Amino acid sequence: MRPKRLVAALVAIALVTAAVAFPPRTLWRLHAMAGLALGNFRARALFCPPLEVRVAGVAVGHALRLEGSFWVPLREVASSLGWQVHWEPGTDVLELSRHGSRLEVPIHCVLGTGYVPLEELERVLGLPPPRLEHGVLELAAPPREGLGADGHVAMELRVEGGLLSRRAFLLPDGRTLVPAIPLGLALAVTLTLHAVEGEVEANGRRLPFVPHKGAALVELGDFLAAAGLEEPVVRLASSGSGPTLSPPPPVGHVSGARGRVALTFDDYLTPGVAELLDILEDRGVRATFFVIGSSVEQHAGLARRIVEGGSELANHTWSHRHPFALTEDELRAEILATALVIRRHVGSCAPFFRPPGGYWDRLTLSVAADLGLTTVLWSLNGQDADPGADPGRIAATVLRRAHDGAVVVLHLDRPATVAALPAIIDGLRARGLEPVPLGELLPRIDVLEVATWAPASPPSCFWSTIAASGAWRSRNWKLPTLWWQPGPAAWPTTWPVRPAPNAASTGHTGTVSSGYGGSGSGGQRSQLPGFR
């Protein structure tokens, strides 16, 4: 038998066996997991091998690999070279203007970032041939002289307790250099990169930067003065505070949660969210809202209303950029900025993070866990992302696939979702399933403190076995896995944690008691989980 036919036969046998062995709702869970895994694999392939794009030594994003060639982020490159950039959401054209010149450039859009072939970028912007070496694509100009190798001490940069970057430096002359771009994003400071000129503009004031491994380092005092901020907002700490820990896999489903499903909504807060909240309040339903941080500032009243109604606000990054297209510092800034704006306007932030598009890798999980957040995906997609989706079809999809412990994902600012919501809520309750926020399904623990992780008994699900075995941790994985969260009975009552800051000499590691949401939960969340 030919290999292709053999594979097809094996797949057919597996499908028939699954149809006989599993009930329909279990098959829907497996279907959701397979869809997420396949989408994640395809997205990862676009950015593999990783290729960082720099302009004059400063990282502005990562290149895609499409159709056998490299595609680069046009907005980020053009704006760093002094072009004014305008993009109308939903279109596939970027408008560039500078010195009276105006260009319209077709783009390939991936989660809000517009990419063009490298050859097209060189032609449109008139750039010299790029340099490619050691996983870095250098554009526009040779990198300026950097920090050098001697005389400086690496430090950690923390913003209100959250780790933002490990690329801050204390110089022999007493000056402190910090990465301007992630710090500006985390503190909501408007920045403009003038890469070729070697300057970063903060609130109209230009600051010289020193390029170092893709970061634009500026003097901390000058940055805070230009931004109108006080130094207590940020602090430095000694770098290398402990061993690198393997983060837990993302949560996709919560087993043991009989009669309950987690209702979650993603994306931007807009005036249209008020109608959705009216429906939830009328039916006495609470949910979890994974919001994009940049929309919270404009709609703080809606954010407060969500929390006052008993629902949760959780983290969906600041600008919904593709996680694989970001540097570690940028990813930290995206998550940290969202957590800070929610805390500033609402006072509390649920300890959950959902990466845009459901895309994740080891770095995404590590950064989220380091900031005290559990990465949560879903096991039931309402298929409402398309603005033209049909309300009846959305409701039918959710009700047909609903199951105990499901994590349902729907979207904000979708009229069809609002129209379908009453039928979804009534249909779930008719099936004996009560919609609840995530906090009532998942353990109430401080993820930042969890050093190692193991169920008290072997997971029953094959995919969980892969996750628990450690096979998923490989950077060269073929099938990303989702964690099917066990119920309370399967978890240990105490968790090993990282050594406390003063524990190095005593060897004490301590424990954190686990608790669970709902009527039997114990413990309380911190205002901003994981932040010190």
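Residues numbered from 1 in each chain as written. Predicted model: local features only at pLDDT ≥ 70, side-chain atom pairs only at ≥ 80, totals over all residues. Heavy atoms only, no water.

The biggest cluster of nonpolar side chains holds 56 residues, and the ones touching the most others in it are L74, V77, L121, L125, L183 and F223. Of all the elements, helix α6 (residues 220-227) adds the most residues to this core, at five residues. Each residue touching L74, except ones within four places of it in the same chain, is listed here: L94, L96, V105, I107, G114, V116, L121 and L125. Formed by 43 residues, the second largest nonpolar core is a distinct cluster that contains L313, A337, I424 and I425. (Core = buried A, V, L, I, M, F, W, Y, C linked by side-chain atoms within 4.5 Å. Buried < 20%, exposed > 50% of the residue type's maximum accessible area, 1.4 Å probe, protein only. Helix = DSSP H or I, 4+ residues; strand = E, 2+ residues; numbered from the N terminus. Contact = heavy atoms within 4.5 Å.)

Position of H253 among the secondary structure elements: in strand β21 (residues 251-254). Residue class for H253 comes out buried when judged on its relative accessible area of 5%. A polar side-chain atom of H253 sits 3.1 Å from the main-chain carbonyl oxygen of G405. (Polar contact = N/O pair within 3.5 Å; in protein donor to acceptor, adjacent residues only side chain to side chain.)

Looking now at the pairing of strand β11 (residues 136-139). Neither face of β11 is left uncovered, since the one carrying V136 and E138 and the one carrying L137 and L139 both have all their residues buried. Strand direction decides the pairing type here: strand β1 (residues 52-55) and β11, joined by four bridges, are parallel. Counted as the bridge partner of V53 is L137 from β11. Bridge count for strand β10 (residues 131-133) against β11 is three bridges, and the pairing is antiparallel. Residue pairing in the sheet places E133 in a bridge with V136 of β11. (Pairing = 2+ DSSP bridges.)

Right, let's talk about the pattern of salt bridges for a bit. Scanning the entire structure with this criterion turns up 25 salt bridges. Close ionic contact of E52 with R54 constitutes a salt bridge, the shortest N to O distance being 2.6 Å. There is no split in this pair, since E52 and R54 are both buried. The salt bridge involving R206 is made with E201; its shortest N-O contact spans 3.9 Å. Judged by its relative accessible area of 40%, R206 is partly exposed. Judged by its relative accessible area of 22%, E201 falls in the partly exposed class. One salt-bridge network, in which partners are shared between bridges, spans E156, R158, R166, E328, R332 and D370. (Salt bridge = Lys/Arg side-chain N within 4 Å of Asp/Glu carboxyl O.)

The tally for this structure, following the rule as stated, stands at three aromatic pairs. Each ring, one from F47 and one from F324, has its centre 6.2 Å from the other, and the planes form 80°; the classification is edge-to-face. Taken together, the residues F47 in the loop between α2 (24-46) and β1 and F324 in the loop between β24 (312-315) and α9 (328-346) connect sequence positions 277 residues apart. The class of F324 is buried, set by a relative accessible area of 5%. Look at F324 and Y359: their rings are 6.3 Å apart centre to centre, the planes differ by 50°, and that puts the pair in the tilted class. Taken as a pair, F324 in the loop between β24 and α9 and Y359 in the loop between β25 (352-353) and α10 (362-370) lie far apart in primary sequence, 35 residues in all. Chaining the aromatic ring pairs together yields one cluster made of F47, F324 and Y359. Over the face of the ring belonging to F324 we find R44, whose NZ or CZ atom lies 4.7 Å from the ring centre. (Phe/Tyr/Trp six-rings, centres within 6.5 Å; stacked < 30°, edge-to-face > 60°. Lys NZ or Arg CZ within 6 Å of the ring centre and 35° of its normal.)

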